[in-house]
Amino acid sequence: MATFLYRLGRGAFRRRRFVALVWVALLFAAGFGAATASAPTSGSFSIPGTEAQKAFDLLDEKFPGMAADGATARIVIKAPAGAKVTDPAPKAEVEKIVEGLKSGPGKDQISSVADPYQAQAVSQDGSTAYVSTKYKVSGMELTDATREALKDSGKEATAAGLNVQIGGDALMAAPETGSGEIIGILIAGIVLVITFGSLIAAGLPLLTALIGVGIGISTITALANVLDLGSTTSTLAMMIGLAVGIDYALFIVSRYRAELAEGRERDEAAGRAAGTAGSAVVFAGLTVVIALVGLAVVNIPMLSKMGFAAAGTVVIAVLVALTLVPAILGFAGKKVLPAGEKSKLFGKGKPAGTEKKANGGTRWARFVLRRPVMVLLAGVIGLGIIAVPASKLEMGLPDDGAQPVSTTQRQAYDLLSEGFGPGFNGPLMVVVDGDKALADSTVERIKGLEGVAAVMPPMPNEAGDASMITVIPKDRPSSTQTEDLVHEIRDGSGNDVMVTGATAMNIDFSQKMNDALLPYLALVVGLAFLLLMLVFRSILVPLKAALGFLLSVVAALGAVVAVFQWGWLGSLFGVEQTGPIMSMMPIFMVGVVFGLAMDYEVFLVTRMREAYVHGERPGQAVVTGFQYSARVVVAAAVIMIAVFSGFIGASEQMVKMIGFGLAVAVFFDAFVVRMAIVPAVLALLGHKAWWLPRWLDRLLPNVDVEGESLRKHLAASPEGPDKDRELVNA
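What you see is a predicted model; the values in this text were computed from it and never measured.

As for the overall build of the protein chain
At step 1: Summing up its helical and strand segments, the protein chain has 23 helices and 11 strands in all.
At step 2: Total accessible area on the protein chain stands at roughly 30,600 Å², and carbon and sulfur atoms take up 60% of it.

Quick look at helix 2 (residues 16–36)
Counting along an α-helix, one turn takes 3.6 residues, and residues three or four places apart therefore face a common direction.
At step 1: Look at helix 2: 30 Å from first C-alpha to last across 21 residues, which is about the 30 Å you get at 1.5 Å a residue.
At step 2: Considered for burial, the residues of helix 2 that qualify are Arg16, Val19, Ala20, Trp23, Ala30 and Ala34. One side of helix 2 carries all its buried residues, which in axial view fall inside an arc of 100 degrees. More than 90 degrees from the buried face of helix 2, the exposed residues found are Arg17, Phe18, Leu21, Phe28, Phe32, Ala35 and Thr36.
At step 3: In this structure, the buried residues of helix 2 make contact with helix 1 (2–14), helix 8 (199–227) and helix 11 (301–332).

Brief notes about a negative patch on the surface
At step 1: On the surface, Glu450, Glu483, Asp484, Glu488 and Asp491 cluster together to form a negatively charged patch.
At step 2: Tracing the backbone through its elements, the reader meets Asp484 in helix 16 (residues 480–491).

Here we look at the sheet that holds strand 2 (residues 110–114)
At step 1: Within the open sheet, the four strands sit side by side as 2-3-1-4. Their pairing is antiparallel. Strands with a single pairing partner mark the edges of an open sheet, and in this sheet they are strand 2 and strand 4 (163–167). If you compare each strand with its neighbour and ignore which way they point, the axes differ by 15 degrees on average.
At step 2: Where strand 2 and strand 3 (residues 128–135) come together, four bridges link them in antiparallel fashion. Paired with Ala114 across the two strands is Ser132, which belongs to strand 3.
At step 3: In the packing of helix 14 (residues 408–420) onto the sheet, the strands contacted are strand 1 (72–78), strand 3 and strand 4, and the crossing angle to strand 4 comes to about 110 degrees.

Brief notes about the side chain of Ser417
At step 1: Its place among the elements puts Ser417 in helix 14.
At step 2: Not counting residues within four places of it along the chain, the set of residues in contact with Ser417 comprises Pro422 and Asn425.

What about the pattern of salt bridges?
For side chains bearing opposite charge, pairing can occur when the charged atoms are close.
At step 1: Counted under the stated rule, the structure contains 22 salt bridges.
At step 2: Between Glu259 and Arg264 there is a salt bridge whose closest N-O contact spans 2.5 Å.
At step 3: In this structure Glu259 comes out as buried when scored by relative accessible area, which is 5%.
At step 4: When salt bridges with common partners are traced through the structure, they connect Arg10, Arg14, Asp267, Glu268 and Arg272 into a single cluster.

A closer look at the pairing of strand 3
At step 1: Taking burial as the measure, the eight residues of strand 3 include six buried ones, the bulk of the element.
At step 2: Bridging between strand 1 and strand 3 involves seven bridges; their strand directions are antiparallel. Bridge assignment links Val76 to a residue of strand 3, and that residue is Tyr130.

Overview of the confidence of the model for the protein chain
At step 1: When pLDDT is averaged across the protein chain, the result is 83; 90% of the residues are at 70 or more.
At step 2: Across the protein chain, the secondary-structure element scoring lowest on mean pLDDT is helix 23 (residues 708–716), at 63, and the one scoring highest is helix 13 (residues 372–387), at 95.
At step 3: Contacts for the low-pLDDT stretch residues 341–355, under 50 throughout, to residues beyond four places or in other chains number 24 contacts.
At step 4: Throughout residues 719–730 the model reports pLDDT below 50, and contacts reaching past four residues in sequence, or to other chains, amount to 19 contacts.

Thoughts on a nonpolar patch on the surface
At step 1: A cluster of nonpolar residues, Val373, Leu377, Ile381, Ile385 and Leu684, forms a patch on the protein surface that exposes about 480 Å² of accessible area.
At step 2: It is helix 13 that provides the largest number of residues to the nonpolar patch, a total of four residues.

Digging into the packing of helix 12 (residues 360–370) against helix 13
At step 1: Running from N to C, helix 12 and helix 13 point in directions that differ by 95 degrees, and their axes come no closer than 5 Å. As the angle between them shows, helix 12 and helix 13 are arranged roughly perpendicular. Counting all contacts with helix 12, which are made through Phe367, Val368, Leu369 and Arg370, the residues of helix 13 involved are Pro372, Met374 and Val375.
At step 2: Looking at the contact of helix 12 with helix 13, its residues break down into six nonpolar, no polar and one charged.

Some thoughts on helix 20 (residues 618–645)
At step 1: Of all the bends in helix 20, the greatest, near 55 degrees, is centred on Ser629.
At step 2: For helix 20, the tally of buried residues reaches 20 of 28 residues, placing the bulk of the element in the interior.

Describing the packing of aromatic side chains
Where two aromatic rings form a pair, the distance of their centres and the angle of their planes describe that pair.
At step 1: In the structure shown here, the tally under the stated rule is 10 aromatic pairs.
At step 2: Counting every residue linked through ring pairs, the aromatic cluster contains Tyr130, Phe420 and Phe424.
At step 3: In this arrangement the basic side chain of Arg16 is found over the ring face of Phe13, its NZ or CZ atom lying 5.3 Å from the centre.
At step 4: Cation over ring: Lys91 sits above Tyr117, and NZ or CZ is 5.0 Å from the ring centre.

Remarks on unusual backbone geometry
At step 1: Here Arg537, not a glycine, exhibits a phi torsion of approximately 50 degrees, which is positive.
At step 2: Relative to the assigned elements, Arg537 resides in the loop between helix 17 (502–536) and helix 18 (540–565).
At step 3: The backbone phi angle of Leu569 is positive, close to 55 degrees, even though this residue is not glycine.
At step 4: In this structure, Leu569 sits in the loop between helix 18 and strand 11 (581–582).

Some details on the nonpolar core
At step 1: One finds Tyr248, Leu303 and Phe549 to be the most contacted residues of the largest nonpolar core, which totals 180 residues.
At step 2: Non-local contacts of Tyr248, meaning those with residues more than four positions away in its chain, are made with Val281, Ala284, Gly285, Val288, Val314, Ala317, Val318, Ala321, Asp599 and Phe603.
At step 3: In terms of nonpolar packing, the next biggest core, distinct from the first, is built from 23 residues, Leu101, Val164, Ala170 and Leu171 among them.

Concerning the packing of helix 17 against helix 19 (residues 585–613)
At step 1: Contact geometry for helix 17 and helix 19: axes closest at 11 Å, N-to-C directions at 15 degrees. The orientation of helix 17 relative to helix 19 falls into the category roughly parallel. Handedness of the helix 17/helix 19 crossing: right-handed. For the pair helix 17 and helix 19, contact is made by Met513, Ala516, Leu517, Tyr520, Leu521, Val524, Val525, Ala528, Leu532, Val535 and Phe536 and by Ile587, Val590, Gly591, Phe594, Met598, Glu601, Val602, Val605, Thr606 and Arg609, respectively.
At step 2: For the contact of helix 17 with helix 19, the residue count by class is 17 nonpolar, two polar and two charged.

Describing the environment of Val368
At step 1: Position of Val368 among the secondary structure elements: in helix 12.
At step 2: The sequence separation of Val368 and Pro679 amounts to 311 residues, and the corresponding C-alpha distance is 6.8 Å.
At step 3: Once residues within four sequence positions are removed from consideration, Val368 is found in contact with Val375, Ala676, Pro679 and Ala680.

Observations concerning the environment of Val431
At step 1: Mapped onto the fold, Val431 is located in strand 6 (residues 428–432).
At step 2: For Val431 and Ile469, which are 38 residues apart along the polypeptide, the C-alpha to C-alpha distance reads 6.4 Å.
At step 3: Apart from the residues within four sequence positions on either side, Val431 is in contact with Ala55, Leu58, Leu59, Ser467, Asp496, Val497, Met498 and Thr500.

Calculation rules
- Residues numbered from 1 in each chain as written.
- Predicted model: local features only at pLDDT ≥ 70, side-chain atom pairs only at ≥ 80, totals over all residues.
- Heavy atoms only, no water.
- Helix = DSSP H or I, 4+ residues; strand = E, 2+ residues; numbered from the N terminus.
- Areas by Shrake-Rupley, 256 points an atom, 1.4 Å probe, with all protein chains shown as cover.
- Expected span 1.5 Å × (residues − 1).
- Buried < 20%, exposed > 50% of the residue type's maximum accessible area, 1.4 Å probe, protein only.
- Arc of directions from axis to C-beta.
- Contact = heavy atoms within 4.5 Å.
- Patch = residues over 30% accessible without salt bridge, like charges linked within 9 Å, V, L, I, M, F, W, Y side chains within 5 Å.
- Salt bridge = Lys/Arg side-chain N within 4 Å of Asp/Glu carboxyl O.
- Lys, Arg positive; Asp, Glu negative; His and termini not counted.
- Charge placed at Lys NZ, Arg CZ, Asp CG, Glu CD.
- Pairing = 2+ DSSP bridges.
- Axes fitted to C-alpha atoms, helices over the stretch in contact; angles between N-to-C directions.
- pLDDT = per-residue confidence, 0-100.
- Parallel < 35°, antiparallel > 145°, perpendicular 65-115°, else oblique.
- Nonpolar A, V, L, I, M, F, W, Y, C, P; charged D, E, K, R; others polar.
- Bend = angle between axes of the 7 residues up to and from the residue.
- Phe/Tyr/Trp six-rings, centres within 6.5 Å; stacked < 30°, edge-to-face > 60°.
- Lys NZ or Arg CZ within 6 Å of the ring centre and 35° of its normal.
- Core = buried A, V, L, I, M, F, W, Y, C linked by side-chain atoms within 4.5 Å.
- Left-handed = near helix turned anticlockwise from the far one by under 90°.

Here's what the structure looks like:
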């Protein structure tokens, strides 16, 4: 592989105009496709194999149009103290709201508006009423005029003294990342300037990463409606693609400069950088892709599509690093070199090999080698303490009750809870596949359950062979009592009675996430273990990498629980409302963090392996690996943390939580696990770290990440690396 990548990188350097033109053409083509595609929707949500999904499918079959996924809105109206919404003046204002929606600017997208006085949508004390509105399209497809009409529907009633708030998904908007993303990119640029000592060298990874992400996100946008991709898919793909794109380009440029420092010609340096660092990029990217594509094992289409889309951006980032980066290095000439005496890479303007003073990575590695047990215990115990909150992890899917208290959605949620009871915001929908007698007996049985506040009369379909029963729980949707009630209804029913609705779907979704976590973990870690065994020709090094990852990801989950569930330092990260951790968060973090963690493992330990196979003792190989890779790995980690942290300012709670979780996980994994625990373990293992049974060594193919075959190829080449050198100077 190293030889192939050497030829690829050298060829891209020489044919830089053609390579750059191809990538620019791809960017414009993807951009054109995104600009001409219709706006993405919120994406359909289904959980195959669960009772809630089966009931939903039956509802769609027996009650055509009832299960349509159009947006809904609830305009909640509360009368002033001492008054009722049934009084003449408040009632007139409520009727104006109903009439305004039916005849207003967004009427063409509305399928129905329910008058609260006819639909029995008035609380028992008469203080609160709500207007249910259903739309023909999803919240993301509503026009601005329709959305504004909904927002303005209660203005006159508010002026008359009524409290009007709006809930439901009709106000859903595309997630906004705010200025944090831009700040993250600026921090990445500063880190690159400090690392390289050159504005050109610093700007190159940013430029190529933005081109790769631009192609990936534009392609996702162009195919969003065709593939039914959710609105958050592109945001998450951007988050991951931007981080790995900068990092992969950073490693190629860093190795290129190191090759130049050894006196190689520019095209030769580009080829060797692609053949050595490029090999690490390929395997690091492959681990990320395995982790993301592996999300399909959960068998939830939305999560699978998110994983595939993000994996696509990673593949593009790898291809950009192997081809576009060498091409742009050709255009940059010697401008990628640092500014003389200020060089951070070459040290006082001298070649790296003649640097007398040990750099920070070398000093740190020597410190760890002197005190491996102390460093190992400090790292493990520290992460173990941070991981403790993960034992109290509560999972669920957010509803309007998880919105900040300042939003109209949250205030509408609270008004409904006060007027109709906490369970009104999460009604259960019981679908009966049978005649009226079965529906009536089901209603009587449900009425006798402890957690039930109210049971509506069964509503049969036109054929009379199915009924729908609405059940209002006593407790809020995300409570354990409501979850117990769902299980009670199911346990006492046969196959002809099923429970669905948003609350039941959330419960089934959380359960499916729990059930899939261990199989997914085993699949991803197992495949990556085999991959790393190929790379490092060792059993203990991949095992150590996997165990270190588990420690960092559990610690990151502990931090997420502490901030988003318990509220510790919540205001610092813009968390206005605590609540359960989103059900997909643990499994998504496992997939993404594992892939990213293996990046640092590959980049750092590959240098150690390279030194070891060239005759250095195990301890000295660790020092050599840190001498050449520590600064770049630290820079890459800081960049990735900065990029992920930029998404903490997003308006979407899921994006905010994932951004925080990934940033914290990268911090733990890069600075505690890879930079402290890994060298400590390798120091304690010595030669045993690189042991591989002979029979297994013969079975495994040699992928040669160290570039040994490349060195032999170049040494044996009769023409040598100087062939066609004049093309470079053209």
